[in-house]
Amino acid sequence: MFKHAIVRRPSHSLIDGISQTPEMGKPDYDLALQQHDRYVEILRECGLEVTVLEANEDYPDSVFIEDNALCTPRGVAILSRPGAESRRGEASLPDLREALARYYDDIEQVVEPGTTDPGDIMMVGDHYYIGLSGRTNQAAADQITAILEKHGMTAETVPVTGILHLKDDVVYLDNNNLIVAKAYENHPAFANFNKLVVDDDEYYAVNSLWINGKVIVPEGFPKTEQKIRDCGYEVILINTSEFEKITGSLTCMSLRF
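Residues numbered from 1 in each chain as written. Predicted model: local features only at pLDDT ≥ 70, side-chain atom pairs only at ≥ 80, totals over all residues. Heavy atoms only, no water.

## Notes on unusual backbone geometry
Going from Glu112 to Pro113, the amide bond is cis rather than trans, its omega being 10°. Tracing the chain through its elements places Pro113 in the loop between strand 5 (106-109) and strand 6 (121-124). Backbone geometry places Asn176, a non-glycine residue, at a positive phi of 70°. Structurally, Asn176 can be placed in the loop between strand 9 (170-172) and strand 10 (177-181). Its identity is not glycine, yet Asn212 carries a phi of approximately 55°, on the positive side. Considering the arrangement of structural elements, one finds Asn212 in the loop between strand 12 (209-211) and strand 13 (214-218). Overall, Asn212 belongs to the buried group, its relative accessible area being 15%. (Helix = DSSP H or I, 4+ residues; strand = E, 2+ residues; numbered from the N terminus. Buried < 20%, exposed > 50% of the residue type's maximum accessible area, 1.4 Å probe, protein only.)

## Some words on helix 2 (residues 94-101)
Among the residues of helix 2, Leu96, Ala99 and Leu100 are the ones counted as buried. When helix 2 is viewed along its axis, its buried side chains cluster within an angular range of 95° and face the same direction. Exposed residues lying more than 90 degrees from the buried face of helix 2 are Pro94 and Glu98. Where helix 2 is buried, its residues touch strand 1 (4-8), strand 2 (49-53), strand 3 (69-71), strand 4 (76-79), strand 5 and strand 15 (255-256). (Arc of directions from axis to C-beta. Contact = heavy atoms within 4.5 Å.)

## Quick word on the side chain of Lys167
Residue placement: Lys167 occurs in the loop between strand 8 (154-159) and strand 9. What makes Lys167 buried here is its relative accessible area of 9%. Polar side-chain contacts of Lys167 include one of 2.7 Å to the side chain of Glu66. (Polar contact = N/O pair within 3.5 Å; in protein donor to acceptor, adjacent residues only side chain to side chain.)

## Points about the packing of aromatic side chains
In this structure the tally under the stated criterion is 10 aromatic pairs. Ring centres 5.2 Å apart and planes at 65° place the aromatic pair Tyr103 and Phe257 in the edge-to-face group. Of the two residues, Tyr103 sits in the loop between helix 2 and strand 5 while Phe257 sits in the segment after strand 15, which places them 154 residues apart along the sequence. Residue classification places Tyr103 among the partly exposed residues on the basis of a relative accessible area of 27%. Here the aromatic rings of Tyr172 and Phe193 are separated by 5.9 Å at their centres, their planes lie at 70°, and the arrangement is edge-to-face. With a gap of 21 residues between them, Tyr172 in strand 9 and Phe193 in the loop between strand 10 and strand 11 (194-198) connect regions that are remote in the sequence. For the pair Tyr172 and Phe193, a shared accessibility class is recorded, and that class is buried. An aromatic cluster of at least three residues, connected via ring pairs, comprises Tyr129, Tyr172, Tyr184, Phe190 and Phe193. (Phe/Tyr/Trp six-rings, centres within 6.5 Å; stacked < 30°, edge-to-face > 60°.)

## Description of the pairing of strand 5
Examined bridge by bridge, strand 4 and strand 5 share 4 bridges and lie parallel to one another. Each residue of the ladder has a partner; that of Ala77, found in strand 5, is Ile107. (Pairing = 2+ DSSP bridges.)

## Here we look at the sheet that holds strand 15
With mixed pairing, 3 strands are arranged side by side in an open sheet as 2-1-15. The two strands at the open ends of the sheet, each matched to only one other strand, are strand 2 and strand 15. Where strand 1 and strand 2 come together, 5 bridges link them in parallel fashion. In the sheet register, Ile6 faces strand 2, and the bridge partner there is Thr51. The strands that helix 1 (residues 29-45) touches are strand 1, strand 2 and strand 15; relative to strand 1, the one it contacts most, it runs at about 175°. (Axes fitted to C-alpha atoms, helices over the stretch in contact; angles between N-to-C directions.)

## Structural notes on the pairing of strand 10
Along a regular strand, successive side chains alternate from one face of the sheet to the other. Counting buried positions along strand 10 yields 5 of 5 residues, so the element is predominantly enclosed. Residues Asn177, Ile179 and Ala181 of strand 10 are buried on one face, and the alternating residues Leu178 and Val180, pointing to the opposite face, are buried as well. In this structure, strand 9 lies alongside strand 10, joined through 3 bridges in antiparallel fashion. Following the sheet pairing, Val170 is matched in strand 10 by Val180. The hairpin turn running from strand 9 into strand 10, its antiparallel successor, is 4 residues long, and Asn175 in that turn takes a positive phi close to 50°. Bridge analysis of strand 10 against strand 11 gives 5 bridges, and the strand direction is parallel. When the sheet's bridge partners are listed, Asn177 is paired in strand 11 with Asn194.

The values are spatial; any link to function lies outside them.
Below, the structure written as structure tokens:
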């Protein structure tokens, strides 16, 4: 069960965030603020104490705070070294470290030549799947694995191709339930999970977010919503249209621990 979350308010520079789908246009900043406020409200409804960090105009993508750190349940947080050069300084921002230090005595950091976005890292209990992608390299995976093993956890790597992050295509809920895009339906690393396979026309809904027995799901994907309900979860719907425009989704916008 999660108790805490850390989020960062969207900056005005959000409209210049990295996008894999420029044809969707730039985000509406005011609407993005409203959607982010609702996201924080839902986290609190799910029982989390939420720390809200101020917006940082120097980093348009810094609202996607999940890529700045890996928060574990075993006393260690690992600051990342983001794969995109424009995001490289986010994980070193003092307010993030200060917020983490309230909860973690042990804070480690990925160092050069490692690069990682924790959007590539999926936690399943004490085991972690680390996606090797254009943002996360083997050097970072080796560093993260060593830190996790030092604290009694384990990890394995999964090659990622054709997408930005592993959790674009694979997201763990709980009780052995996994939401997957069709590309990962038969992947051997996930053979033993109960898989909720998302149709291609609802691909964005793969990145739904389990919080303490409830699942936050983006609006507009009824087939995926129903599959999640059929697994016994309470579903909370949210509109994240403005974050989708810059390749952001539900897990990206918070650190949960």
